[in-house]
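Overview (structure and organization)
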Amino acid sequence: MTQKQKGILYMILSAFSFAAMQVAVRLTKEIPTMEQIFMRNLFILFAAFFIIRRKKGSLFGERSYQPLLFGRSFFGFLGLITLFYASSHGAQGDVTILNKLSPVFVTLFAVLFLKEKMSPIQVPALILSVLGASIVFRPSFESDPLPLVMALLSAVTSGIAYTFLGYFKDKVDGMTVIMHFSTFSAVCSLPFMLRGFVMPDPVQFAFLILIGVFGSLGQAFITYAYRFAPASEISIYNYSGILFSLLLGFVVLGETVKISSIIGGVLVAAASLMVYFYNGRKI
């Protein structure tokens, strides 16, 4: 398996993990957003700490990379806040389609700031992905303006944060990046969590643990995905999360999968395959 194939595999695993995390988030909707964010990052923080200590690596990275590490953590934290806020206050179809624009921003930022080259196939593939996502979620754009703005901001801020991951390739260890981000997010969300803390019951606590587990896996997979391959080539595979969300929604939440969702999913998969085969990869 080549480095780029590993990047694709990790991106798909990340998409599945985050889709599973979102199901757990929905099942704990009575818990305040900041409490969910704190628990998610606290779990990741401890996991990253023990892994780094075992490897005898750097917890927070070299001083020369601190401005960029803080930039990744800051924009990643903003991405979490805006996404959770939008999901709580807006129509889910509208929020999801806007948030799923993040791979588009990753590709654009990677070309602009990391000087990665965009192949001719990537423009139509990205357009096809956005079209497929629109069909899957059938956005009505009837939500209040603020949640829609927040959903779009979540795509932009996440795109910036993931672009930083591409820059850190061969410079900063992936677990160090995760440790930095999770610590930053846990510390920043702590005051808000304490102010509106809700004691979870045993079932809610179990789902909060799952948020942490799947959030940790998703964060680890996406961090290493961008270390194995150029961001502009693998970010499109993040759209596989749409398919995983549909499947988990049907199996776990009992949501109906409509024909439009299947058509949209096929378009998303087709866009990913276009990029894959155009670049001459062999599975």
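The paragraphs below set out a description of the structure included in this document. Each residue is numbered by its place in its chain's sequence as written, counting from 1. It should be noted that, the model being predicted, local features are given only for residues of pLDDT at least 70 and side-chain atom pairs only at 80 or more, the latter also being counted only at that level, while totals for whole chains, interfaces and linings use all residues. Side-chain calculation: all heavy atoms of the structure are included, whereas hydrogens and water are not.

Section: the packing of helix H2 (residues 33-55) against helix H9 (residues 202-228)
Filter applied, for reference: Fitted lines through C-alpha atoms give the axes, limited to the stretch in contact for helices. The angle between two N-to-C directions lies from 0 to 180 degrees. The way it works is that DSSP assigns letters per residue, a run of H or I at least four long becomes a helix, a run of E at least two long becomes a strand, and they are numbered from the N terminus. Angles are sorted into four bins: roughly parallel if under 35 degrees, roughly antiparallel if over 145, roughly perpendicular if 65 to 115, and oblique for all others. In this scheme, a crossing is called left-handed if the near helix is turned counterclockwise away from the far one by less than a right angle; it is called right-handed if the turn is clockwise. Any two residues whose heavy atoms approach within 4.5 Å at even a single point are treated as in contact. Classification convention: Asp, Glu, Lys, Arg as charged; Ala, Val, Leu, Ile, Met, Phe, Trp, Tyr, Cys, Pro as nonpolar; all other residues, Gly among them, as polar.
Their axes nearest at 8 Å, the elements H2 and H9 cross at an angle of 55°. Here H2 lies oblique to H9, going by the angle between them. Judged by the twist between their axes, the crossing of H2 over H9 is right-handed. Of the residues in H9, those in contact with Gln36, Met39, Arg40, Phe43, Ile44 and Lys55 of H2 are Phe205, Leu208, Ile209, Ile211, Gly212, Val213, Gly215, Ser216, Gln219 and Tyr224. Class assignment of the residues belonging to the contact of H2 with H9 gives a composition of nine nonpolar, five polar and two charged.

Comments concerning the packing of aromatic side chains
The test is simple: Only centres within 6.5 Å qualify two rings of Phe, Tyr or Trp (six-membered ring in Trp) as a pair; their planes then separate them into stacked at under 30 degrees, edge-to-face at over 60, and tilted for everything else. Look at NZ for Lys and CZ for Arg. If either is within 6 Å of the ring centre and within 35 degrees of the ring normal, a charge sits over the ring.
A complete count under the given rule lists eight aromatic pairs for this structure. Ring geometry for Tyr10 and Phe221: centres 5.7 Å apart, planes at 25°, overall stacked. One end of the pair, Tyr10, is in helix H1 (residues 3-26); the other, Phe221, is in helix H9, with 211 residues separating them in the sequence. Ring geometry for Phe49 versus Phe50: centroids 5.6 Å apart, planes at 80°, classification edge-to-face. A connected cluster of aromatic rings, assembled from ring pairs, spans Tyr10, Phe221 and Phe228. Over the face of the ring belonging to Phe181 we find Arg72, whose NZ or CZ atom lies 4.3 Å from the ring centre.

Quick word on the pattern of salt bridges
Quick reminder of the rule: A pair is scored as a salt bridge if a Lys or Arg side-chain nitrogen falls within 4 Å of a carboxyl oxygen belonging to Asp or Glu.
Summed over the entire model, instances satisfying the criterion amount to one salt bridge. Residue Asp173 pairs with Lys55 through a salt bridge whose shortest N-O separation is 3.3 Å. Here the residue Asp173 occupies a position in the loop between helix H7 (145-167) and helix H8 (174-195), and Lys55 occupies one in helix H2, the gap between them amounting to 118 residues.

Thoughts on the side chain of Ser216
Position of Ser216 among the secondary structure elements: in helix H9. Setting aside residues no more than four positions away along its own chain, Ser216 makes contact with Phe43 and Ile44.

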